[in-house]
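Observations on chain architecture
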Amino acid sequence: MSFERLCRWPAALVMAFLFAAPLGVIAAYSFLTRGAYGGVEHPWTLDNYARLLDPLYGSILLRSFWIAGVATALCLICGFPLAMFIARAGRRKNLYLALVILPFWTSFLIRIYAWMFLLRDTGLVNTILLATGWVREPLPLLYNDGAVILGLVYGYLPFMVLPLYAALERQDNLLLEAAADLGARPLDVFRRVTLPLVAPGIRAGTILVFIPCLGAYLTPDLLGGGRTVMVGNLIQNQFTTARDWPFGSAASLVLMAIGVGLLWSATRKEGADIL
Amino acid sequence: MKRALALYAVAAYAFLHLPLLVLAAFSFNRSRFMRWEGFSLEWYQAAFSNPQLMEGASNSLLIAAIATILSTAIGVLGAYGLWRRRSRFLSASLYLSLLTPEIVTGVSLLVFFQWIFRVLDIRLGMHTVILAHVAFSIAYVVVVILARLQTMDATLLEAALDLGASPSEAFRRVILPVLGPAVAAASLLAFTVSFDDYVITSMVAGVDSETLPMAIYAIARRGSSPVLNAISTLIVAGLGFLTLASERLRRR
């Protein structure tokens, strides 16, 4: 065997046994019946997938799409001006970019906890609001969909800013000047020159934010307050308290299929450079 | 326009950084409430004498250290192999593993381990956590190393081979020295993702393997506490330092 092949072996083995095989097992389980004491039993069935369309679970799926969609839209709205600022920052570009990325690598869990600390009834925001007399009772800032969306925007904003920045950076400023010289107003320049040029960056950022938001578990779990807010919580619940592995497996596969499908349809247009 | 953009940027950076800075500031507060009563290190003392946090920290350090060594070794070799020759299965599974929601990775590993345990008499514990961590951090290592290999001068390798070096010698004496900083960067990254993971770990951990993020999660679930602010500040400072070091090495 050639040396290069030998090099790939350990990685291929790990990925086969600890990534592909586990996915294969839940794929198989998703067609089985729930056992009396957890576990799985025969016969083979499609019931688990059908149950995802049941209004009770379908609404969780829909709400996940809604929450992830709103969070992605907010990331785009908040991220665009920031990416523009960085792209025009000249020599300090790298520093500003690093400041966007840095929080992403400092413990996701603790970043969520920081928001719990700020938003609780006795948290900093409510304390300030009460002390200044703006409100009489603490506002219910935590444990609702709004808090989940805030947490997702905070968590995944860098994934939006990076591709937007890359696209804005590539854009030729002469085009903007030409448009302005030819009499386009700033808003027209933005709409008819900048936007079409950064469209690939917008698409990439949208995909990169939407996919992890849709599959989020920890953010809705902690900031949503223990209700089954999103699909991620539904899946976790099936493997812990509800002990319905086949149903949880089916939900996992559907979630993954949606992510892969979205990425596939996006990369088909752009070529593979989104990765 | 320029002023407005700069003002906006200040607000955006505040949004990104203030939550952690505020958390850190209050970890030095003598009071356990939202009132500043003077500087104090008592919560740090409390964190260091909290058995749950300390056991979690030592478990996390051990797991992250072993997982980092294994995933760096496997990932560097794998990236080199992929750079020389494409492998559809390996690259597809690596990218797919980055794309898979953590909760799905977690439950699939849990189900897989339970399935194996029906045959072999072992249980969830340190070893399953380490295996899981190796599996999900390899992709990060490969991405960093491949990026470096792609900017490398490939003629170096050809020259070594033409001059009669065996492929393994060429790897050891030409490629590895060039990759040096990238390998260090990749291992720091692997350490960070391993040390920080909660979702996958919580699914495959046993009674003897509660990690620091699991301990933090348990305390955060009960409500916040200044002890948590203190340990969080230490972790953020530590991981932030590692990330900066990793970035520096990668750019070399």
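Analysis parameters
Residues numbered from 1 in each chain as written. Chains lettered and ligands numbered in written order. Predicted model: local features only at pLDDT ≥ 70, side-chain atom pairs only at ≥ 80, totals over all residues. Helix = DSSP H or I, 4+ residues; strand = E, 2+ residues; numbered from the N terminus. Buried ≥ 20, exposed ≤ 12 C-beta atoms within 10 Å, placed from the backbone. Contact = placed C-beta atoms within 7 Å. Axes fitted to C-alpha atoms, helices over the stretch in contact; angles between N-to-C directions. Parallel < 35°, antiparallel > 145°, perpendicular 65-115°, else oblique. Left-handed = near helix turned anticlockwise from the far one by under 90°. Nonpolar A, V, L, I, M, F, W, Y, C, P; charged D, E, K, R; others polar. Core = buried A, V, L, I, M, F, W, Y, C linked by C-beta atoms within 7 Å. Domains from an automatic or database assignment. pLDDT = per-residue confidence, 0-100.

1. Concerning the overall build of chain A
Secondary structure summary: chain A contains twelve helices and two strands in total. The helix and strand sequence of chain A, counted from the amino end, reads α-β-β-α-α-α-α-α-α-α-α-α-α-α. The principal-axis extent of the C-alpha atoms belonging to chain A is close to 75 × 70 × 35 Å. Here chain A, with 275 residues, has 42% of them falling under the buried criterion. Excluding contacts between residues fewer than 6 apart, the proportion of contacts in chain A whose partners are at least 24 apart in sequence is 69%.

2. Re the packing of helix α11 (residues 231-239) of chain A against helix α5 (residues 102-117) of chain B
Close contact between α11(A) and α5(B) brings their axes to 10 Å; oriented N to C, the two are set at 15 degrees. One finds that α11(A) runs roughly parallel with respect to α5(B). In terms of crossing hand, the pair formed by α11(A) and α5(B) is left-handed. On α5(B), the residues that touch Gly232(A), Ile235(A), Gln236(A) and Phe239(A) of α11(A) are Ile103(B), Val104(B), Val107(B) and Leu110(B). Across the contact of α11(A) with α5(B), the residue classes break down as six nonpolar, two polar and no charged.

3. Some words on the nonpolar core
Nonpolar side chains in soluble globular proteins tend to be buried together. Counting 158 residues, the largest nonpolar core has Tyr113(A), Met116(A) and Ile145(B) as the members making the most contacts within it. With 16 residues, helix α7 (residues 145-170) of chain A is the largest single contributor of residues to this core. The two domains that each donate at least three residues to this core are domain 1 (1-40) and domain 2 (51-251) of chain B. Residues in contact with Met116(A), not counting those within four places in the same chain, are Leu142(A), Leu222(A), Leu223(A), Ala220(B) and Ser224(B).

4. Quick word on the interface of chain A and chain B
The figure often quoted for interface size is the accessible area lost as the parts come together. If you look at the interface, chain A gives 66 residues, while chain B gives 67 residues. Breaking the side of chain A that touches chain B down by element, the ones donating at least two residues are α1 (3-29), α3 (55-87), α4 (93-101), α5 (108-119), α6 (124-131), α10 (218-223), α11 and α12 (245-270) of chain A. Per element, the largest residue contribution to the side of chain A that touches chain B is 19 residues, and it comes from α1(A). Here the residues of the side of chain A that touches chain B sort into 50 nonpolar, eleven polar and five charged.

5. Some thoughts on the packing of helix α7 (residues 155-162) of chain B against helix α8 (residues 167-196) of chain B
Residue and element names in this part refer to chain B. At a closest axis distance of 10 Å, the pairing of α7 and α8 adopts a crossing angle of 140 degrees. When the axes of α7 and α8 are compared, the crossing they make is right-handed. Listed contacts from α8 to Leu156, Leu157, Ala160 and Leu161 of α7 are Ala170, Val174 and Ile175. In terms of residue class, the contact of α7 with α8 is made up of seven nonpolar, no polar and no charged.

6. Notes on the domain arrangement of chain B
Domain annotation of chain B identifies domain 1 (1-40) and domain 2 (51-251). Residue-level contacts link seven residues of domain 1 of chain B with six residues of domain 2 of chain B.

7. Here we look at the confidence of the model for chain A
Regions with low pLDDT should not have their predicted coordinates read in detail. Averaged over all residues, the pLDDT of chain A equals 88, while 96% of them reach at least 70. Here strand β2 (residues 40-41) of chain A is the element of chain A with the lowest mean pLDDT, 77, and α3(A) is the one with the highest, 94.

8. Digging into unusual backbone geometry
Residues and elements named next belong to chain A. For Tyr143, which is not glycine, the phi torsion reads 60 degrees and is therefore positive. Within the secondary structure, Tyr143 sits in the loop between α6 and α7. In this structure Tyr143 comes out as partly exposed when scored by C-beta crowding, with 19 C-beta atoms within 10 Å. Here the phi dihedral of Arg243 falls at roughly 50 degrees; this positive angle occurs in a residue that is not glycine. Inspection of the secondary structure assignment puts Arg243 in the loop between α11 and α12.

9. So, the confidence of the model for chain B
All names here are of chain B. Summing up the model confidence of chain B, the mean pLDDT is 90 and the portion of residues at 70 or higher is 100%. Taken element by element, chain B is modelled with least confidence in helix α11 (residues 226-251), mean pLDDT 86, and with most confidence in helix α9 (residues 199-204), mean pLDDT 95. The ipTM, which scores confidence in the relative placement of chains, is 0.89 for this predicted complex, and the corresponding pTM is 0.90.

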